[in-house]
Amino acid sequence: MAKIAFIGLGNMGGPMAANLVKAGHAVSGYDLVPALREEAAKAGVAVVSGAASAVEGADVIVTMLPAGKHVVSVWRDVAPVAHKGALIIDSSTIDVDSARAAHEIARQVGLLSVDAPVSGGTGGAKAATLTFMCGGTDAAFAAARPVLEKMGKKIVHCGDGGAGQAAKICNNMILGATMIATAEAFVLAEKLGLSHQALFDVASTSSGQSWSLTSYCPVPGPVATSPANNDYRPGFAAALMLKDLLLSQQAAAAAGAATPMGAAAAQIYALFNASGRAGDDFSGVINFLRGAARTG
Ligand code: NAD
């Protein structure tokens, strides 16, 4: 079994590191927050006093951090300490430029590197059912796959360095826009006197069908597991949806791609979050589109 260093033991990283321990790997870990280090230690992670100490002797290094600046900074600290030929994986959701900069840091010191952002949320992190979207060389992906399989159930090689992040933000731009479009249709149906169930029954088997409708329906009732049945909690927070949409817009501006629907979705989630609902599941945007002020 491999010796793995895990940096960033938060909502996602904590359970992911715990799954690597369960799979029999020797995992050393570090987070800036003492309480998270204690929790990881209870799950069997050998907690150390800094990121650089965690990677000493490690075959594989995994980072799960908030944003691109954290990833680049941690990779700069740990890459020179890691042994040549080790594999470094970043599973955070970050901008494509930072992901490419991180790959370059790894390349310069002879490390294999993969950007491997995830979908599946904290539930998927706990259950080891995440989807990993990977960018990197064939050799780096081949080395990463057996490790990622202990934390997820679908591992996709999307292309060279940065391709995993590109796939993640393109997917989530579709998700943000389709959720808003689906929610708008339910609000219009309400005004027209059409029941939620009737719209669902028609659209879910017609050309209006999408994951936002059939797996994550923004009104309570038609899909028992959607957060709408639990007052839009818990789920994929609107704050994280806005983060991903802003990353998509940053990438679109840099690449010269026209993404007017993505831009509109980002603006709508910015307004929704500013109304105090950033912690709600992103499907709660339907309440904002109704114009209803929620106090709960
Ligand atoms: P989180 O804030 O709970 O965890 C990030 C952790 O990184 C924090 O505990 C923080 O203390 C730690 N950290 C920051 N800088 C550090 C440093 N220099 N050294 C060590 N630790 C450091 O966030 P999360 O929910 O676990 O998300 C992590 C990443 O995964 C984000 O990029 C997020 O966008 C992405 N993501 C999250 C979800 C989700 O549902 N939470 C889903 C998919 C993707």
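Keep in mind that what you see is a predicted model, and the values were worked out from it rather than measured.

Asker: What's the story with unusual backbone geometry in this structure? I'm lost.
Answerer: Excluding glycine, residues mostly carry a negative phi; peptide bonds, for their part, are mostly trans. Here A128, not a glycine, exhibits a phi torsion of approximately 60°, which is positive. Located in the positive-phi region is D231, a residue other than glycine, with phi close to 50°. With respect to the helices and strands, D231 occurs in the loop between α10 (211-214) and α11 (238-255).

Asker: Explanation requested: the site of the ligand in the structure shown.
Answerer: The local shell around the ligand holds 22 residues, among which N11, M12, D31, L65 and K243 are the closest. In this structure, M12 approaches the ligand through a main-chain N or O atom, which is 2.8 Å from an oxygen atom. Within the contact set of the ligand, an oxygen atom lies 2.7 Å away from a side-chain nitrogen or oxygen of D31. In isolation the ligand offers 830 Å² of accessible surface; the protein chains occlude 84% of this area. Class assignment for the residues of the shell around the ligand results in 12 nonpolar, seven polar and three charged. Split by domain, the shell around the ligand shows at least three residues from each of two domains, domain 1 (3-161) and domain 2 (166-295).

Asker: In this structure, what is going on with the domain arrangement of the protein? I would like to understand it.
Answerer: Taken domain by domain, the protein consists of domain 1 (3-161) and domain 2 (166-295). Summarising the inter-unit geometry, the C-alpha centres of domain 1 and domain 2 are found 30 Å apart. Listed by partner, the interface residues are 10 residues for domain 1 and eight residues for domain 2. Counting the surface lost from both domain 1 and domain 2, the interface buries some 750 Å², and carbon and sulfur atoms represent 66% of this. Between the two partners, domain 1 and domain 2, sit zero salt bridges. Between the two partners, domain 1 and domain 2, sit three residue pairs in polar contact (both at pLDDT 80 or more). When the residues that make up the side of domain 1 that touches domain 2 are grouped by side-chain class, the tally is seven nonpolar, two polar and one charged.

Calculation rules
Residues numbered from 1 in each chain as written. Predicted model: local features only at pLDDT ≥ 70, side-chain atom pairs only at ≥ 80, totals over all residues. Heavy atoms only, no water. Helix = DSSP H or I, 4+ residues; strand = E, 2+ residues; numbered from the N terminus. Near = heavy atom within 4 Å. Polar contact = N/O pair within 3.5 Å; in protein donor to acceptor, adjacent residues only side chain to side chain. Areas by Shrake-Rupley, 256 points an atom, 1.4 Å probe, with all protein chains shown as cover. Nonpolar A, V, L, I, M, F, W, Y, C, P; charged D, E, K, R; others polar. Domains from an automatic or database assignment. Contact = heavy atoms within 4.5 Å. Buried area = accessible area lost by both parts, 1.4 Å probe. Salt bridge = Lys/Arg side-chain N within 4 Å of Asp/Glu carboxyl O.

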